[in-house]
Amino acid sequence: MESRFLTNKIYSLFQNNGLRLSRAVMLFSLIILCMMTLASCAHQSERTLSSKAGLSSSLDTPNILIVNTNSRIDRYAIAEASFTESISDTTSNTDIRVLDLGSELHPLEILQDTLNEHDYDAIYAIGAKALGSVDYIDPDMPVIFSSVLNWRRFHGQDNYYGIASEVAPKAQLTWFKYFFPEVKKVGVLHSVDNLQLIQDARISANELSLTLIASDVKAEDSLEKKANTLLDQIDVLWLVSDPVVLATTGKAELLFELAHKKGIPVLSYNRFFDDLGALLSITADLPTTGRQAALMMKNVLAQHANKESVQFPAGSRISLNAAKAKAYGIVLNEDALDSVDELVGE
């Protein structure tokens with residue numbers, strides 16, 4: 001642009017000052033100036049393209065660190081594989097590195113070393129050990145998580161996004177009603193962290209002609225006392241992911257023991273509880289969860305707002321303990337058996 005302006009100025013000087021040059025000299029001068037102009041434009045264009053290429057490279061090649069609690073555990077391996085495949089399909093030239101904490105005795109140290117060795121744009125944490133380690137170090141970057149039973153502890157935390165460990169409460173209650181149409185009273189133990197969930201679930205329960213009886217549990221409360229009081233009022237006990245009620249495996253085992261003594265079936269949100277004696281479990285579909293996490297990661301990297309910081313899984317798998325149904329004398333809808341993905345306890 002500057003060279004073209006200079007060309008015009010020089011040509012004006014020739015004319016305005018009345019200089020008399022031969023046509024040949026003037027033509028030669030103009031040719032030289034035009035060549036300078038073209039050279040300058042080409043140089044400017046090259047610099048602009050180079051700058052754009054650098055910017056494009058920065059945006060189109062995100063660096064993602066996957067921190068996996070244990071890649072040898074099926075549910076974590078499936079989530080990792082599904083996420084990686086989906087990211088590769090939707091985002092070109094993605095640099096993905098995996099840190100497996102399965103055999104690491106000092107996960108915080110190896111994670112910190114990994115973060116120091118390379119610049120990452122975001123982290124995908126799979127499982128509680130992975131997310132807990134990431135949270136402890138608190139890196140200044142977005143964190144996407146999945147396969148974390150106690151995920152509500154991280155809900156609302158800045159830069160944290162994820163896929164819930166359980167299917168939406170409304171969907172769970174709908175399945176419960178479909179499988180066991182004569183159930184009327186559903187009991188649930190929860191802390192203040194799940195107050196909104198319980199309020200929403202109560203609306204869904206009413207629509208399904210179910211009575212939801214909820215008992216609020218504080219950290220200092222006796223879980224055994226609270227559970228026994230609730231169990232005397234209900235037909236089935238519904239487990240929800242709760243940071244107080246299910247803070248430890250021991251608390252989960254206690255609830256199953258108390259429910260079994262009173263002959264109350266337990267409905268759960270994860271097949272993990274099948275081994276403890278759950279009658280029915282509605283579990284998030286792991287490949288779908290991995291794909292959802294990949295889409296959430298893509299939105300975060302593109303700086304597009306996700307509608308919710310934590311989303312419920314879009315797919316589910318159902319496991320049923322038919323022997324438990326018979327033992328408890330609960331009426332099972334035979335037509336619902338076609339929806340079962342896995343029969344347990346046989």
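Bear in mind that the values here come from a model prediction, so they are computed numbers and not experimental data. (Residues numbered from 1 in each chain as written. Predicted model: local features only at pLDDT ≥ 70, side-chain atom pairs only at ≥ 80, totals over all residues. Heavy atoms only, no water.)

**Here's the deal with the overall build of the chain**
So, point 1. When helices and strands are counted, the chain shows 11 helices and 13 strands.
So, point 2. Looking at the chain residue by residue over its 346 residues, the buried ones come to 43%.
So, point 3. Long-range pairs, those at least 24 residues apart, make up 69% of the contacts in the chain between residues at least 6 apart in sequence.
So, point 4. Per element, the accessible surface of the chain, about 18,600 Å² overall, is 52% carbon and sulfur. (Helix = DSSP H or I, 4+ residues; strand = E, 2+ residues; numbered from the N terminus. Buried < 20%, exposed > 50% of the residue type's maximum accessible area, 1.4 Å probe, protein only. Contact = heavy atoms within 4.5 Å. Areas by Shrake-Rupley, 256 points an atom, 1.4 Å probe, with all protein chains shown as cover.)

**Concerning the pattern of salt bridges**
Opposite charge on two side chains permits pairing when their charged atoms draw close.
So, point 1. In the structure shown here, the tally under the stated rule is five salt bridges.
So, point 2. Note that Asp216 is salt-bridged to Lys218, the shortest N-O span being 3.9 Å.
So, point 3. Look at Asp216 and you get partly exposed, because its relative accessible area is 32%. (Salt bridge = Lys/Arg side-chain N within 4 Å of Asp/Glu carboxyl O.)

**What about the environment of Ala294?**
So, point 1. When you line up the elements, Ala294 lands in helix α10 (residues 286-301).
So, point 2. We classify Ala294 as buried; its relative accessible area is 1%.

**Focus: the sheet that holds strand β13 (residues 342-343)**
So, point 1. Reading across the sheet, the seven strands line up as β7-β6-β8-β9-β10-β12-β13 and stay open at both edges, with mixed pairing between neighbours. In this open sheet, the two edge strands, each paired with only one partner strand, are β7 (211-216) and β13.
So, point 2. Across two bridges, the pairing between strand β12 (residues 316-320) and β13 is parallel. For Ser319, the partnering residue across the bridge sits in β13 and is Glu342.
So, point 3. Its contacts with the sheet put helix α6 (residues 169-179) on β8 (236-238), β9 (266-268), β10 (280-284) and β12, and the angle it makes with β10 is roughly 145 degrees. (Pairing = 2+ DSSP bridges. Axes fitted to C-alpha atoms, helices over the stretch in contact; angles between N-to-C directions.)

**Examining the packing of helix α8 (residues 223-231) against helix α9 (residues 249-261)**
So, point 1. For the pair α8 and α9, the least separation of the axes is 10 Å and the interaxial angle reads 35 degrees. Along this stretch, α8 crosses α9, giving a crossing that reads as right-handed. On α9, the residues touching Leu223, Glu224, Ala227, Asn228 and Leu231 of α8 are Lys251, Leu254, Leu255, Leu258 and Ala259.
So, point 2. Here the residues of the contact of α8 with α9 are counted per class, giving seven nonpolar, one polar and two charged. (Left-handed = near helix turned anticlockwise from the far one by under 90°. Nonpolar A, V, L, I, M, F, W, Y, C, P; charged D, E, K, R; others polar.)

**Topic: the packing of aromatic side chains**
So, point 1. Per the stated rule, a full pass over the model turns up 12 aromatic pairs.
So, point 2. With centroids separated by 6.2 Å and ring planes inclined at 10 degrees, the aromatic side chains of Phe154 and Tyr160 adopt a geometry described as stacked.
So, point 3. Assessed through its relative accessible area of 3%, Tyr160 is described here as buried.
So, point 4. Ring plane angle 50 degrees and centroid distance 6.1 Å describe the contact between Trp175 and Phe179, whose orientation is recorded as tilted. (Phe/Tyr/Trp six-rings, centres within 6.5 Å; stacked < 30°, edge-to-face > 60°.)

**Description of the side chain of Ser268**
So, point 1. Looking at the secondary structure, you find Ser268 in strand β9.
So, point 2. A relative accessible area of 0% means that Ser268 is categorised as buried.
So, point 3. Excluding its chain neighbours within four sequence positions, the residues that come into contact with Ser268 are Gln172, Phe176, Leu239, Phe273, Ala278, Leu280, Ser281 and Ile282.

**Thoughts on the environment of Ser316**
So, point 1. In this fold, Ser316 is placed in strand β12.
So, point 2. Taking the relative accessible area as the measure of exposure, Ser316 reaches 30% and is therefore partly exposed.
So, point 3. Once the C-alpha coordinates of Ser316 and Thr288 are considered, the two residues, 28 residues apart in sequence, prove to be 8.5 Å apart.
So, point 4. Each residue touching Ser316, except ones within four places of it in the same chain, is listed here: Val167, Trp175, Ile282, Thr283, Ala284, Asp285 and Asp341.

**A closer look at the nonpolar core**
Burial of nonpolar side chains together is a common tendency in soluble globular proteins.
So, point 1. Residues Phe179, Phe180, Leu212, Trp238, Leu280 and Leu320 are the most contacted members of the largest nonpolar core, which totals 29 residues.
So, point 2. Taken together, the elements giving at least two residues each to this core come down to α6, β6 (185-190), α7 (195-207), β8, β10 and β12.
So, point 3. Considering each element in turn, this core owes the most residues, four residues, to α7.
So, point 4. Non-local contacts of Leu212, meaning those with residues more than four positions away in its chain, are made with Val186, Val188, Ile198, Ala201, Arg202, Ala205 and Trp238. (Core = buried A, V, L, I, M, F, W, Y, C linked by side-chain atoms within 4.5 Å.)

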